[in-house]
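Read off the chains here:
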Amino acid sequence: MAKDVLDFLKAQDGFVSGEEISRSLKISRTAVWKYIERLRAEGYLIEAVPHLGYRIISIPDKLLPEEISYQLNTKIIGQRLFYYETLGSTMDAAFELGLAGFPEGTAVFAESQTKGRGRLGRSWFSPKGKGIYLSLLLRPEFLPQGAPKITLMTAVSISEAIKKVTGLSVLIKWPNDIVVGGKKLAGILTELNAEADKIKFVNIGIGINVNSSKSFLPLDATSLKEEIGTEVSRIELAKEVLRAIENNYFLLKEKGFKPILEKCKASSAILGKRIEINSQNRVICGEAQDIDMDGALLVRQDTGFIERVLSGDVVRIY
Ligand code: BTN
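Below you will find a few notes about this structure. (Residues numbered from 1 in each chain as written. Predicted model: local features only at pLDDT ≥ 70, side-chain atom pairs only at ≥ 80, totals over all residues. Heavy atoms only, no water.)

**Focus: the nonpolar core**
Nonpolar side chains in soluble globular proteins tend to be buried together.
Point 1. Membership of the largest hydrophobic core comes to 80 residues, with the highest contact counts inside it found for Phe-109, Ile-208 and Leu-297.
Point 2. Within the second largest apolar cluster, nine residues are counted, among which are Leu-87, Leu-97, Val-108 and Ala-110. (Core = buried A, V, L, I, M, F, W, Y, C linked by side-chain atoms within 4.5 Å. Buried < 20%, exposed > 50% of the residue type's maximum accessible area, 1.4 Å probe, protein only.)

Written out as structure tokens, the structure is:
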């Protein structure tokens, strides 16, 4: 109900009286006052002027479900939203929701994480209110081997959302990094709950450095604020990420992996370049030649041998 009052206030150009809110939403004046107080406690700045009524001045810089869902216009992605001020990791919360049978599209946001994790046992620096830390539950009808397609679909979606909100062109560093100027801007962690021949659910973990300052970031990382010089609305970006994932996920389901793969190749940070890649305790050197229809990277070694790499960590790009 506080959300109805909020949406009603947002829909007004100027002031609206408590009486009008009460009449339109069919709630008592006391209830209107109670919901306004609740919204203020969440950080909404709401002005109250005698004889004029209420007016919304500003919304809090928080990824609150009532903000994310406002005019989101998706069918499944982000239709169920969970929000926490702080969590160990959104991955663990989403895993529990997956086990409990929550529908695909369920999203978990946290303002900060105390045990944010990245790939290969790394940690993910998750300072409060500076980034987007999100886990999204999907239930694709793929074999477990198809999971890299989900990671690449997500990478394409994050790139498109960043472009749309900030105008910045970013690159995809196979398989899960979003980079700009050689520095990491965002990372994706895909975790599966699967049987040998069936994915039960997949959690896509997305971490985006949005408004962090350089001095607080790891040396090889950057943020959107550092790149474009101004703060970026985390709410707008998070909504755009959810919308882009919905579009690309439907595209993947309806048209297969090819169109996603094409987009991914078009903004690759490594294709055509000489790279060094760590894969299963081995270092592979050569030219990143192509990404195949399973999302695997094809590396042409100096001997001419083409190695197919399913997962790995590109440690150098020449
Ligand atoms: C990587 O680049 O290695 C992947 C980073 C993924 C970080 C995100 S933040 C939200 C979600 N929760 C986590 O603990 N990790 C992912």
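The discussion continues.
**A short note on the environment of Leu-261**
Point 1. By the element assignment, Leu-261 lies in helix H9 (residues 258-266).
Point 2. Residues Leu-261 and Asp-292, spaced 31 residues apart in sequence, show a C-alpha to C-alpha distance of 8.1 Å.
Point 3. Not counting chain neighbours up to four residues away, the residues in contact with Leu-261 comprise Ile-291, Asp-292 and Met-293. (Helix = DSSP H or I, 4+ residues; strand = E, 2+ residues; numbered from the N terminus. Contact = heavy atoms within 4.5 Å.)

**Observations regarding the site of the ligand**
Point 1. Around the ligand, the structure places 21 residues, and the nearest of them are Ser-89, Gln-113, Arg-117, Arg-119 and Lys-184.
Point 2. A distance of 2.9 Å separates a nitrogen atom of the ligand from a polar atom in the side chain of Gln-113.
Point 3. A distance of 2.7 Å separates a nitrogen atom of the ligand from a polar backbone atom of Arg-117.
Point 4. Here the ligand, which alone exposes 410 Å², has 99% of that area covered by the protein.
Point 5. Sorting the residues of the shell around the ligand by element identifies helix H5 (90-99), strand E5 (131-138), strand E8 (183-195) and strand E9 (198-209) as the ones contributing at least two each.
Point 6. Among the elements that make up the shell around the ligand, the one with the highest residue count is E8 (four residues).
Point 7. Grouping the constituent residues of the shell around the ligand by class yields seven nonpolar, 10 polar and four charged. (Near = heavy atom within 4 Å. Polar contact = N/O pair within 3.5 Å; in protein donor to acceptor, adjacent residues only side chain to side chain. Areas by Shrake-Rupley, 256 points an atom, 1.4 Å probe, with all protein chains shown as cover. Nonpolar A, V, L, I, M, F, W, Y, C, P; charged D, E, K, R; others polar.)

**A word on the pairing of strand E10 (residues 274-279)**
Point 1. Here E10 runs beside strand E11 (residues 282-291); their pairing, made up of six bridges, is antiparallel. Bridging from a neighbouring strand, Glu-276 pairs with Cys-285 of E11.
Point 2. Connecting the antiparallel pair E10 and E11 is a turn made up of two residues, with Gln-280 showing a positive phi of about 45°.
Point 3. Across four bridges, E10 lies against strand E14 (residues 313-317) in antiparallel orientation. Across the sheet, Asn-278 pairs through a bridge with Asp-313, a residue of E14. (Pairing = 2+ DSSP bridges.)

**Observations concerning the sheet that holds strand E7 (residues 177-180)**
Point 1. The strand order across the open sheet built from seven strands is E3-E4-E5-E9-E8-E7-E6, with neighbouring strands paired in mixed fashion. Edge strands, defined here as strands with exactly one partner in the open sheet, are strand E3 (81-87) and strand E6 (171-173). Here the strands of the sheet are splayed against their neighbours by 20° on average, with no regard to which way each runs.
Point 2. In the packing of helix H6 (residues 147-166) onto the sheet, the strands contacted are E5, E6, E7, E8 and E9, and the crossing angle to E8 comes to about 145°. (Axes fitted to C-alpha atoms, helices over the stretch in contact; angles between N-to-C directions.)

**Thoughts on unusual backbone geometry**
Point 1. The amide bond that connects Trp-174 to the next residue, Pro-175, takes the cis arrangement and shows omega of 0°.
Point 2. Structurally, the position occupied by Pro-175 is in the loop between E6 and E7.
Point 3. Backbone geometry at Asn-73 places phi at a positive 60°, although glycine is not the residue there.
Point 4. Of the residues examined, Asn-73 reaches a relative accessible area of 73% and is grouped as exposed.
Point 5. Phi is positive for Leu-120, which is not a glycine, with a value near 55°.
Point 6. The residue Leu-120 is located in the loop between strand E4 (107-113) and E5 in this model.

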